[in-house]
Amino acid sequence: MREIRTDVCVVGGGPAGLTLALLLVRSGVAVTVVEKARSLDREYRGEILQPGGLRILDQAGVLAGARSRGGYELTRFQLIDGDRPVLDMDYRRLPAPHNYLLSIPQRHVLSELGDRCAEHDTFRMLAGHRLSALLRAGDSGPVRGVVADDGRERVAVRAAVVVGADGRYSKTRALAGIANRRHDVFDLDICWFKLPWDGAPTGRVRIFRAPSNPALAYDSFPGCLQIGWTVPHGGYRAVAARGIRHVKAQIQASIPEYADLVGRHIHALSDLTLLDVFGARASRWSDAGLVLIGDAAHTHSPLGAQGINLAVQDAALLHPMLLAALSDGDVSAARLGEFERTRRRDINGVMRFQTLQSKGMFSGGGLAGFLRPRVARVLMHTPVGTRITRHVTLGNPRIRVAAG
Ligand SMILES: Cc1cc2nc3c(=O)[nH]c(=O)nc-3n(C[C@H](O)[C@H](O)[C@H](O)COP(=O)(O)OP(=O)(O)OC[C@H]3O[C@@H](n4cnc5c(N)ncnc54)[C@H](O)[C@@H]3O)c2cc1C
């Protein structure tokens, strides 16, 4: 088996993994990223960056380059009931310069991060390699690296620390024997699809409160609308059993504005991707020689567009902690646990907010209908509402990209 020695092995070259890799190589640390995909031509889900994620990517010096590859600014987040917005959040009211949402293909962000990483001799990317085992000192001692496999050869990557940034179904987490607690608090699933759009970008994220199946829509680069049509959790099979004509009619009823486009561009159930909406938290985010970040540590519902945001913030927070731990030669579970101790409160807060947000925006019923416009007024027109909005969109302001 081929052997590679590095300081830090990052499993997963997504937003969390590549942001951390860049910050570490800039600080002189040798990093090897193990990524199962061979290229960036793969399917991505998350496209919207919140101001808090934009701030971190800007501080890391990659935002302008990622944007130059293409993306759309969105300045309003609206909840539309009937034909009028009951909630209309204007991102321009947040502090500049990151006072907008950015709809950007994830590969634009990852290409920019990857290109900047590749400028450093201490960076190595093992693309097309899957994590297959963790290397430990002894049978059950501290993690000391990974085995990566590209189907032809196995590579042992020996490292002082392994960072699991391999997403919601993290193999690193599973191999470390860390439980993942799934929270099925969202009572809906989403059918996800794009429609070609040759009009001017709408500049908005909109949630259409249809009586049966609410839907969301936003501009997706290049020249598309991303639609998320919701169905009650576990209820898609019954709807789909009635055939594509029935499904199309239901979608058209939810987004009448785009009924014509749906009619012309959706032909089969295979044009829709059904997504299981769930949140989850790993029971612990570290072990001796191992840390989990991003979706591997905490998975978020796509509603509210927080996942990438939180993933890049995780990377910025962990970067100086890892530098100090490596320099002290202490990568024990207690030392690396500092990351979770510092971060868990933020993550718990976002998860609570997302649950309320999902119930508030998507639930039917008399009480939700009564409360919705009142809560919306508080969010839009009171100082408390402004504070909540800032907290959710900007994230923890104390997290910044550290020098060196
Ligand atoms: C439908 C949907 C819409 C979403 N929309 C948004 C949005 O608009 N905004 C937002 O902020 N978030 C959104 N999210 C969430 C967002 O996509 C994730 O939170 C974010 O990508 C997490 O980043 P990550 O780097 O932790 O993990 P990931 O992006 O999942 O990256 C993990 C990487 O690890 C690699 N990998 C996995 N297993 C292995 C293995 N065994 N060996 C080697 N490599 C491996 C994968 O190929 C991948 O490159 C959405 C999610 C869904 C499902």
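Residues numbered from 1 in each chain as written. Predicted model: local features only at pLDDT ≥ 70, side-chain atom pairs only at ≥ 80, totals over all residues.

Peer 1: I keep staring at the sheet that holds strand 8 (residues 101-103) and nothing clicks. Help me out?
Peer 2: Through backbone hydrogen bonds, the strands of a sheet pair up, either in parallel or in antiparallel fashion. If you trace the three strands from one edge of the open sheet to the other, you get 4-8-5, paired in antiparallel fashion. Of all the strands in the sheet, the pair left with one neighbour each is strand 4 (48-49) and strand 5 (72-74). With two bridges connecting them, strand 4 and strand 8 associate as antiparallel partners. Looking across to strand 8, one finds that Ile48 is bridged to Ser103. (Pairing = 2+ DSSP bridges. Helix = DSSP H or I, 4+ residues; strand = E, 2+ residues; numbered from the N terminus.)

Peer 1: For this particular structure, what's the right way to read the pairing of strand 13 (residues 161-164)?
Peer 2: A regular strand places its side chains on the two faces of the sheet in alternate fashion. Neither face of strand 13 is left uncovered, since the one carrying Val161 and Val163 and the one carrying Val162 and Gly164 both have all their residues buried. Examined bridge by bridge, strand 2 (residues 8-11) and strand 13 share four bridges and lie parallel to one another. Residue pairing in the sheet places Val8 in a bridge with Val161 of strand 13. Across three bridges, strand 13 lies against strand 22 (residues 290-292) in parallel orientation. In the sheet register, Val163 faces strand 22, and the bridge partner there is Val291. (Buried ≥ 20, exposed ≤ 12 C-beta atoms within 10 Å, placed from the backbone.)

Peer 1: Help me understand the site of the ligand, please; the structure alone is not making it clear to me.
Peer 2: Neighbouring the ligand are 33 residues; Gly14, Gly46, Gly167, Gly294 and Gly307 lie closest to it. No other element matches the four residues that helix 9 (residues 307-328) contributes to the shell around the ligand. Here the residues of the shell around the ligand are counted per class, giving 14 nonpolar, 11 polar and eight charged. (Near = placed C-beta within 6 Å. Nonpolar A, V, L, I, M, F, W, Y, C, P; charged D, E, K, R; others polar.)

Peer 1: What is the right way to read helix 4 (residues 106-117) from this model?
Peer 2: For an α-helix, 3.6 residues make a turn, and residues three or four places apart therefore share a direction. Taking 1.5 Å of rise per residue, the 12 residues of helix 4 would be expected to cover 16 Å, and the 16 Å separating its terminal C-alpha atoms lies within 8% of that figure. Where helix 4 is concerned, the buried positions are His108, Val109, Leu110, Glu112, Leu113, Gly114 and Cys117. Where the residues of helix 4 are buried, they touch helix 1 (15-26), helix 3 (63-68) and strand 9 (123-127). (Expected span 1.5 Å × (residues − 1). Contact = placed C-beta atoms within 7 Å.)

Peer 1: Even after reading the chapter, I still don't get the sheet that holds strand 17 (residues 215-220), so can you show me in this structure?
Peer 2: Strand order in this open sheet of seven strands is 7-6-16-17-18-15-19, and the pairing throughout is mixed. Lying at the two open borders of the sheet, with one neighbouring strand each, are strand 7 (84-90) and strand 19 (273-275). When the angles between neighbouring strand axes are averaged without regard to direction, this sheet yields 20°. With nine bridges joining them, strand 15 (residues 188-196) and strand 18 (residues 224-232) adopt antiparallel strand pairing. By the bridge assignment, Lys194 is partnered in strand 18 with Gln226. (Axes fitted to C-alpha atoms, helices over the stretch in contact; angles between N-to-C directions.)

Peer 1: What's the story with the packing of helix 1 against helix 9 in this structure? I'm lost.
Peer 2: Two numbers describe a pair of packed helices, the interaxial angle and the distance between the axes. For the pair helix 1 and helix 9, interaxial distance at closest approach is 8 Å and the crossing angle is 30°. By the criterion of interaxial angle, the relationship of helix 1 to helix 9 is roughly parallel. Seen along the crossing, helix 1 lies across helix 9 with a hand that is right-handed. In this structure, helix 1 uses Pro15, Ala16, Thr19, Leu20, Leu23 and Leu24 to contact helix 9, whose residues at the interface are Ile308, Ala311, Val312, Asp314, Ala315, Ala316, Leu318, His319 and Leu322. For the contact of helix 1 with helix 9, the residue count by class is 12 nonpolar, two polar and one charged. (Parallel < 35°, antiparallel > 145°, perpendicular 65-115°, else oblique. Left-handed = near helix turned anticlockwise from the far one by under 90°.)

Peer 1: I'm lost on helix 7 (residues 244-254) in this one. Help?
Peer 2: When we look at burial in helix 7, the residues that qualify are Val247, Ile251 and Ser254. Down the axis of helix 7, the buried set is contained in an arc of 55°. They therefore lie on one face. Across helix 7 from its buried face, at more than 90 degrees, point the exposed residues Arg245 and His246. Where helix 7 is buried, its residues meet strand 16 (204-208), strand 17, strand 18, helix 6 (236-240) and helix 8 (259-265). (Arc of directions from axis to C-beta.)

Peer 1: How should the domain arrangement of the chain be read in this particular structure?
Peer 2: A common way to express how large an interface is: the accessible area buried when the components associate. The domain architecture assigned to the chain consists of domain 1 (2-69 + 107-182 + 281-364) and domain 2 (75-103 + 187-276). Taken over C-alpha atoms, the centre of domain 1 sits 29 Å from the centre of domain 2. Elements with a contribution of two residues or more to the side of domain 1 that touches domain 2: strand 4, helix 2 (51-59) and helix 11 (338-362). The element that contributes the greatest number of residues to the side of domain 1 that touches domain 2 is helix 2, accounting for four residues. (Domains from an automatic or database assignment.)

Peer 1: Got a minute to help me understand unusual backbone geometry in this structure?
Peer 2: Peptide bonds are trans in most cases, and residues, glycine excluded, mostly fall at negative phi. Look at the link from Ala96 to Pro97: it is a cis peptide, with omega at 5°. Cis geometry is adopted by the peptide bond preceding Pro222, which originates at Phe221 and carries an omega value of -5°. Take Pro222: it is sitting in the loop between strand 17 and strand 18. With phi around 45°, Ala305 is a residue other than glycine that occupies positive phi space. Locating Ala305 in the fold gives a position in the loop between strand 23 (298-299) and helix 9.

Peer 1: I'm lost on the environment of Leu134 in this one. Help?
Peer 2: By the secondary structure assignment, Leu134 is in strand 10 (residues 130-136). Spatially, the C-alpha atom of Leu134 lies 45 Å from that of Val247, the residues being 113 residues apart in sequence. Not counting the four nearest positions on each side in its chain, Leu134 is found in contact with Val143, Val146, Val162, Leu175 and Ala176.

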